[in-house]
Amino acid sequence: DLNHPDLRNQLVGGKSFVAGTSSPLDDNGHGTHVAGIIGAEIGNNIGVAGIAPACKLMPIKALDAAGEGNTSDIVAGLLYAADAGARIINLSLGGGAGGTALANAIEYVQGKGCLVIAAMGNDGRNAQEYPAAYPGVIGVGAINSEGSLADFSNYGRWISVTAPGEGIWSTLPGHESAPATLAAETSGYGYLSGTSMATPYVAGVAALLSSLYPNLPPAAVKLRLERTADQIGFLGFSTYFGNGRINARRAIQGS
């Protein structure tokens, strides 16, 4: 929602690649919720606080009002974001088939110095989804408030870290949107769950790291996020939790 009071001061120019639209204005609700987790404004006495509120958000629309879309639109959005100067790319989306075009786009943006962070998926099974399973991408699983893996969260050897993803309160559109978010239209806030919600927590911490250490390459940011994660009931890597639960303080301090 480009006019949301908790987001409108946080934005830089974006673009829509969805046919029949001319603006990245959110007509679904999902993108607005993700954006609030990353960068909702602080100090305005309303709503929520983003993980990285001093960073700017570039809204790229690649999915339609139903949350569906074409790989070609996602690819176009990725290329545009990288060429426009984005440093952290949050992809709270995924699918079972990657394909050459998407793989090439991920390689391209990584070559431009972008760190890609993607949702593991919400089928509750060991199943590869892309772009989370591509090399160099931070694949994010979701945990609940008890620190357990959320029932819906996918898992597997390509998972990198986990973050809160169940019952997350964040921004939602204040304008007419898809039926899934109609109940929240009058307030501009609401709860959503999914690995889509866990992913922006990681993107927000990655943005903090990249701001504090601008010369740190994406691979080093990824490694630092993994090494400073809190291990949950295990030692080392787990196919359920990856390297553990993201820890913003430890990531920033490097210990």
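Scoring rules and cut-offs
- Residues numbered from 1 in each chain as written.
- Predicted model: local features only at pLDDT ≥ 70, side-chain atom pairs only at ≥ 80, totals over all residues.
- Heavy atoms only, no water.
- Core = buried A, V, L, I, M, F, W, Y, C linked by side-chain atoms within 4.5 Å.
- Buried < 20%, exposed > 50% of the residue type's maximum accessible area, 1.4 Å probe, protein only.
- Helix = DSSP H or I, 4+ residues; strand = E, 2+ residues; numbered from the N terminus.
- Contact = heavy atoms within 4.5 Å.
- Arc of directions from axis to C-beta.
- Phe/Tyr/Trp six-rings, centres within 6.5 Å; stacked < 30°, edge-to-face > 60°.
- Axes fitted to C-alpha atoms, helices over the stretch in contact; angles between N-to-C directions.
- Parallel < 35°, antiparallel > 145°, perpendicular 65-115°, else oblique.
- Left-handed = near helix turned anticlockwise from the far one by under 90°.

**Q** Summarise the nonpolar core; cite the residues concerned and give the values.
**A** Among the nonpolar cores identified, the biggest contains 28 residues, and Ile117, Ile138, Val140, Val161, Val202, Leu225 and Ile246 are the most heavily contacted of them. Elements with a contribution of two residues or more to this core: helix H1 (30-39), strand S4 (115-119), strand S5 (138-143), strand S6 (159-164), helix H4 (195-212) and helix H5 (218-227). Take this core: its biggest share by element is seven residues, from H4. The residues touching Val161, leaving out its near neighbours within four places in the chain, are Ile138, Gly139, Val140, Gly141, Val202, Leu225, Glu226, Ala229, Phe241, Asn243, Gly244 and Ile246. If you look at the next biggest cluster of nonpolar residues, it comprises 26 residues, including Ile74, Val116, Tyr134 and Ile159.

**Q** Report on H5, specifying residues and quantitative values.
**A** For H5, every residue scored as buried is listed here: Val221, Lys222, Leu225 and Glu226. The arc that holds every buried residue of H5, seen down its axis, measures 135 degrees, which confines them to one face. Residues of H5 that are exposed and point over 90 degrees away from its buried face: Ala219 and Arg227. Residues of H5 that are buried sit in contact with S4, S5, S6, H4 and helix H6 (248-253).

**Q** Quick one: what's the story with the environment of Ala19, residue by residue and with numbers?
**A** Relative to the elements of secondary structure, Ala19 occurs in the loop between strand S1 (15-16) and H1. In this structure the C-alpha to C-alpha distance between Ala19 and Gly69, which are 50 residues apart in sequence, comes to 9.7 Å.

**Q** Outline the packing of aromatic side chains, supporting the account with residue identities and numerical values.
**A** Within this structure, the stated rule accounts for five aromatic pairs. An aromatic cluster is defined as three or more aromatic residues linked by ring pairs; in this entry it consists of Trp169, Tyr189 and Tyr191.

**Q** Outline the packing of H4 against H5, listing residues and values.
**A** Axis separation between H4 and H5 bottoms out at 10 Å; the angle between their running directions is 120 degrees. By the angle class used here, H4 and H5 are oblique. Between H4 and H5 the crossing geometry is right-handed. Along the contact surface, H4 presents Val202, Val205, Ala206, Leu209 and Ser210, while H5 presents Val221, Arg224 and Leu225.

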